[in-house]
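For reference, the chains in residue letters:
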Amino acid sequence: MPKNSLAKRARKRIPSFIAPYRIDRGKKFRLKDVDPSDTGPLESEQKQESRDVLQHGVAELSRLQEMLYAQDRWGLLLIFQAMDAAGKDGTIKHVLSGVNPQGCEVRSFKQPSTEELDHDFLWRACRAIPERGRIGIFNRSYYEEVLVVRTHPELLARQHMPSSLVTRDIWKERFDDINAYERYLTRNGIAIRKFFLHVSKKEQKRRFLERIDDPNKNWKFSMADARERDRWNDYMAAYEDMIRHTATPHAPWFVVPADNKWFTRLVVAAAVIDALDEMDLSFPKVDAAKRRELRSVRALLEKNGKAPKRTR
Ligand code: ATP
Ligand code: MG
């Protein structure tokens with residue numbers, strides 16, 4: 001198939017890749033309705049075709065990001081949450097492989113430092129929000145505050161909160177605060193898309209075994225990952241509750257099937273392209289005076305290779 005028509009076809013298919021996984025209103029969301037091994041409209045034999053489609057997606061993303069940067073009005077925040085080995089790192093690497101590194105920044109959120117623990121829970125994220133014209137990627141995020149912290153209450157005890165404020169409503173309060181913060185960012189021109197890479201317990205086991213057996217992957221495995229696996233059901237309950245409370249039309253969650261990496265990447269790329277498309281981006285147009293100036297510089301450059309003297 002000629003390249004152009006494949007690119008066009010790929011673009012047309014964007015809604016079919018993202019619509020089934022986009023959650024705008026979480027109230028009725030149930031995690032068990034999303035199958036981690038789903039490959040949407042594609043069969044597993046179409047893996048090669050999916051790679052070609054992804055390649056076009058990556059090129060398209062790069063084109064849109066250039067306009068985002070040039071226009072310098074919108075920012076885009078992409079949040080990735082997942083269990084270990086679900087493929088966060090690989091997805092970020094592949095989907096954003098064509099993007100100019102100057103226009104994007106990846107930030108990983110690990111266990112908070114002593115300084116971070118002495119602040120409100122959104123503090124460290126606020127400082128990493130992308131500026132206008134940029135794509136910011138959060139590899140984990142403030143959502144850990146309603147996931148790992150909820151699963152391990154001892155982590156909450158380390159947060160120096162006044163005890164009268166730590167009540168059974170704390171998770172609901174955090175959801176409210178996150179929603180308010182995301183609405184605030186959106187109203188300021190920072191668009192938000194959130195991705196939960198939904199891997200099955202069985203596929204996680206397969207990937208852990210691969211990390212243990214392959215010496216080149218040993219570094220990726222930690223005992224902590226195995227311990228968290230023991231709490232699988234608690235994590236799934238926390239993820240479900242989080243999505244139910246924080247999926248909104250302006251900051252939707254995408255619950256992305258993650259047992260097939262090639263499909264995960266396709267869905268994420270399509271969702272990012274769709275988010276940039278919504279911004280209706282274009283290169284800034286210059287006014288008549290600027291065009292005149294450019295023409296005169298061009299004439300001078302052609303004449304003697306020198307730029308004109310600065311007038312100021
Ligand atoms: P990798 O793919 O390299 O394993 P990772 O994101 O799992 O990446 P790790 O250093 O293995 O990084 O783990 C970071 C840990 O920090 C995770 O277990 C995560 O739950 C934890 N963490 C992140 N934010 C918080 C938080 N606010 N409070 C407590 N723990 C947190
Ligand atoms: Mg880890």
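Anyway, here's the lowdown on the structure attached to this text. (Residues numbered from 1 in each chain as written. Chains lettered and ligands numbered in written order. Predicted model: local features only at pLDDT ≥ 70, side-chain atom pairs only at ≥ 80, totals over all residues. Heavy atoms only, no water.)

**Observations regarding the packing of aromatic side chains**
Enumeration over the complete set of coordinates arrives at 11 aromatic pairs. Residues Phe-109 and Phe-138 carry aromatic rings whose centres are separated by 4.8 Å and whose planes lie at 65° to one another, so their mutual orientation is edge-to-face. Separated by 29 residues along the polypeptide, Phe-109 in the loop between β3 (104–108) and α5 (114–117) and Phe-138 in strand β4 (residues 135–139) bring together distant segments of the chain. Taking relative accessible area as the criterion, Phe-109 reaches 3% and is therefore assigned buried. When the ring of Tyr-143 is compared with that of Trp-253, the centres are 4.9 Å apart and the planes differ by 65°; the resulting orientation is edge-to-face. (Phe/Tyr/Trp six-rings, centres within 6.5 Å; stacked < 30°, edge-to-face > 60°. Helix = DSSP H or I, 4+ residues; strand = E, 2+ residues; numbered from the N terminus. Buried < 20%, exposed > 50% of the residue type's maximum accessible area, 1.4 Å probe, protein only.)

**A short note on the pattern of salt bridges**
Pairs may arise between side chains of opposite charge once their charged atoms sit close together. Under the definition given, this model contains 21 salt bridges. For Glu-116, the salt bridge identified is with Arg-107, shortest N-O distance 3.9 Å. Using a relative accessible area of 18% as the deciding quantity, one classes Glu-116 as buried. On the basis of relative accessible area, Arg-107 is assigned to the partly exposed category, the value being 26%. Salt bridges sharing partners connect three or more residues here, namely Glu-203, Arg-206, Arg-207, Glu-210 and Lys-217. (Salt bridge = Lys/Arg side-chain N within 4 Å of Asp/Glu carboxyl O.)

**Here we look at the packing of helix α3 (residues 47–71) against helix α13 (residues 261–278)**
Where α3 meets α13, the closest approach of the two axes is 9 Å, and the angle between their N-to-C directions is 30°. Looking at the two axes, α3 sits roughly parallel to α13. Crossing of α3 over α13 shows left-handed handedness. Taking contact as the criterion, the partners of Lys-47, Ser-50, Val-53, Leu-54, Gly-57, Glu-60, Leu-61, Leu-64 and Leu-68 in α3 are, on α13, Trp-262, Arg-265, Leu-266, Ala-269, Val-272, Ile-273, Leu-276 and Asp-277. Its residues assigned to classes, the contact of α3 with α13 shows 11 nonpolar, 2 polar and 4 charged. (Axes fitted to C-alpha atoms, helices over the stretch in contact; angles between N-to-C directions. Parallel < 35°, antiparallel > 145°, perpendicular 65-115°, else oblique. Left-handed = near helix turned anticlockwise from the far one by under 90°. Contact = heavy atoms within 4.5 Å. Nonpolar A, V, L, I, M, F, W, Y, C, P; charged D, E, K, R; others polar.)

**Digging into α13**
For α13, built from 18 residues, the straight-helix expectation of 26 Å at 1.5 Å per residue is met to within 8% by its first-to-last C-alpha distance of 26 Å. Looking one or two residues past α13, Asp-280 carries a phi angle of roughly 55°, positive in sign. (Expected span 1.5 Å × (residues − 1).)

**Comments concerning the environment of Lys-47**
You can see Lys-47 is positioned in helix α3. Residue Lys-47 is classed as partly exposed on the basis of its relative accessible area of 35%.

**Some details on the sheet that holds β3**
Working definition: the strands of a sheet are paired by backbone hydrogen bonds and lie parallel or antiparallel to each other. Within the open sheet, the 6 strands sit side by side as β1-β6-β5-β2-β4-β3. Their pairing is mixed. Here the strands that pair on one side only, and so sit at the sheet edges, are β1 (22–23) and β3. Across 8 bridges, strand β2 (residues 75–82) lies against strand β5 (residues 190–198) in parallel orientation. Each bridged residue has a counterpart across the sheet, and for Leu-78 the counterpart in β5 is Arg-193. (Pairing = 2+ DSSP bridges.)

**Brief notes about the environment of Lys-201**
Inspection of the secondary structure assignment puts Lys-201 in helix α10 (residues 201–213). Given the relative accessible area of 38%, Lys-201 is considered partly exposed. Each C-alpha atom, one on Lys-201 and one on Arg-73, is 41 Å from the other, the two residues being 128 residues apart in sequence. When sequence neighbours within four positions are dropped, the list of residues in contact with Lys-201 reads Arg-229 and Trp-232.

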